[in-house]
Amino acid sequence: MATDLVEINPDDPQPEVLERAAAAVRRGNVVAVPTDALYALVADPFSLGAVAGVFRAKGREAHRSLPLLVGDLMMAEELASELNNRFFLLARRFWPGPLTIIVPASARVPLKLTGNTGRLALRQSRSKIANHLINLLNQPLISTSANISGRPTCRSGIEVFGMMDGRVDLVVDGGMCAGAGATTIDITEPYWKLIRAGAIEEKEIAECLRPS
């Protein structure tokens, strides 16, 4: 597979570049894009071929789940079997932003996407590129770090191209991503749990969820 590289302005994304990326996703391809939390591989979560393509590109173990980016709370509600009060408190406080929230997946979400756990990781990004793509496609996007599993996450399009050349179809180069990675928490159990530390500190989450 030959990987293409195309430049984009992250603050004012060119429509023709966004449409090229959206067309690649529609074909079931894997595309690397800059977000507000480093570079990510995006793809169609409802295409099993695209899901398999993301696992293959990363060399990711099949039992690992793949997070999704959503455009708004309504899209999150469609993907979850149920959303509790903690979800809405967190989403209203930290979305859009670098917080990934693990919720119970609805039946319309492919089980492979959840790593066969039935739990789904959701985030709404501040990235104009990611949000334009979601709007163009009118659906959520797989969004997992643009790197080979076990290797460092890439902070620039050139880094992504160097590591993922031949593994993905298109790299959308928006320059450097300086932000920290997203914090991930699981709210599917009676007590919420920090899964991965990131840009939002654990104490901020605890304060948001503290009973009034």
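This one's a predicted model, so the numbers in the text were calculated from it and none came from an experiment.

Caption draft 1: Fine view of the overall build of the chain. Check the secondary structure of the chain and you find 7 helices and 10 strands. The C-alpha atoms of the chain give 16 Å as radius of gyration, which agrees with the globular expectation for 212 residues (17 Å, within 12%). Taking all 212 residues of the chain together, 52% fall into the buried category. When contacts within the chain are restricted to residue pairs at least 6 apart in sequence, those whose partners lie at least 24 apart make up 66%. Summing over all exposed atoms, the chain offers an accessible surface of approximately 9,900 Å²; the carbon and sulfur share of this is 49%. Across the chain, the 23 positively charged side chains and the 23 negatively charged ones have centroids separated by 5 Å.

Caption draft 2: Looking closely at the pattern of salt bridges. Taken as a whole, this structure holds 5 salt bridges when the rule is applied. Across the salt bridge formed by R26 and E19, the nearest N and O atoms sit 2.8 Å from each other. What makes R26 partly exposed here is its relative accessible area of 47%. Taking relative accessible area as the criterion, E19 reaches 32% and is therefore assigned partly exposed.

Caption draft 3: View of the pairing of strand β3 (residues 39–43). Most of β3 is tucked away: 5 of the 5 residues are buried. Burial along β3 is two-sided: the face carrying Y39, L41 and A43 and the face carrying A40 and V42 are both buried. By the bridge criterion, 4 bridges tie strand β2 (residues 31–34) to β3 in an arrangement that is antiparallel. Bridge pairing in β3 links P34 to Y39. Between β2 and β3, which pair antiparallel one after the other, the connecting turn spans 4 residues, and L38 there sits at a positive phi close to 70°. When β3 meets strand β7 (residues 141–145), the two strands line up antiparallel, connected through 4 bridges. Opposite A40, over in β7, you have S145 as the bridge partner.

Caption draft 4: Structural context of the packing of helix α4 (residues 85–94) against helix α7 (residues 202–209). Between α4 and α7, the shortest axis-to-axis distance is 10 Å and the interhelical angle comes to 125°. Here α4 is positioned oblique relative to α7, judged by the angle of their axes. Between α4 and α7 lies a crossing of right-handed hand. On the side of α4, the interface is formed by R86, L89, L90, R93 and F94, while α7 contributes E204, I205, C208 and L209. Looking at side-chain class alone, the contact of α4 with α7 contains 6 nonpolar, no polar and 3 charged residues.

Caption draft 5: Representation of the packing of helix α1 (residues 15–26) against helix α5 (residues 128–137). Packing of α1 against α5 brings their axes to within 10 Å, and their N-to-C directions diverge by 55°. For the element pair α1 / α5, the angle class is oblique. Classified by chirality, the crossing of α5 by α1 is right-handed. Packed against α1, whose contacting residues are L18, E19, A21, A22, V25 and R26, the element α5 presents I129, H132, L133, L136 and L137 at the interface. In terms of residue class, the contact of α1 with α5 is made up of 8 nonpolar, 1 polar and 2 charged.

The rules behind these values
- Residues numbered from 1 in each chain as written.
- Predicted model: local features only at pLDDT ≥ 70, side-chain atom pairs only at ≥ 80, totals over all residues.
- Heavy atoms only, no water.
- Helix = DSSP H or I, 4+ residues; strand = E, 2+ residues; numbered from the N terminus.
- Rg over C-alpha atoms; globule rule 2.2 N^0.38 Å.
- Buried < 20%, exposed > 50% of the residue type's maximum accessible area, 1.4 Å probe, protein only.
- Contact = heavy atoms within 4.5 Å.
- Areas by Shrake-Rupley, 256 points an atom, 1.4 Å probe, with all protein chains shown as cover.
- Lys, Arg positive; Asp, Glu negative; His and termini not counted.
- Charge placed at Lys NZ, Arg CZ, Asp CG, Glu CD.
- Salt bridge = Lys/Arg side-chain N within 4 Å of Asp/Glu carboxyl O.
- Pairing = 2+ DSSP bridges.
- Axes fitted to C-alpha atoms, helices over the stretch in contact; angles between N-to-C directions.
- Parallel < 35°, antiparallel > 145°, perpendicular 65-115°, else oblique.
- Left-handed = near helix turned anticlockwise from the far one by under 90°.
- Nonpolar A, V, L, I, M, F, W, Y, C, P; charged D, E, K, R; others polar.

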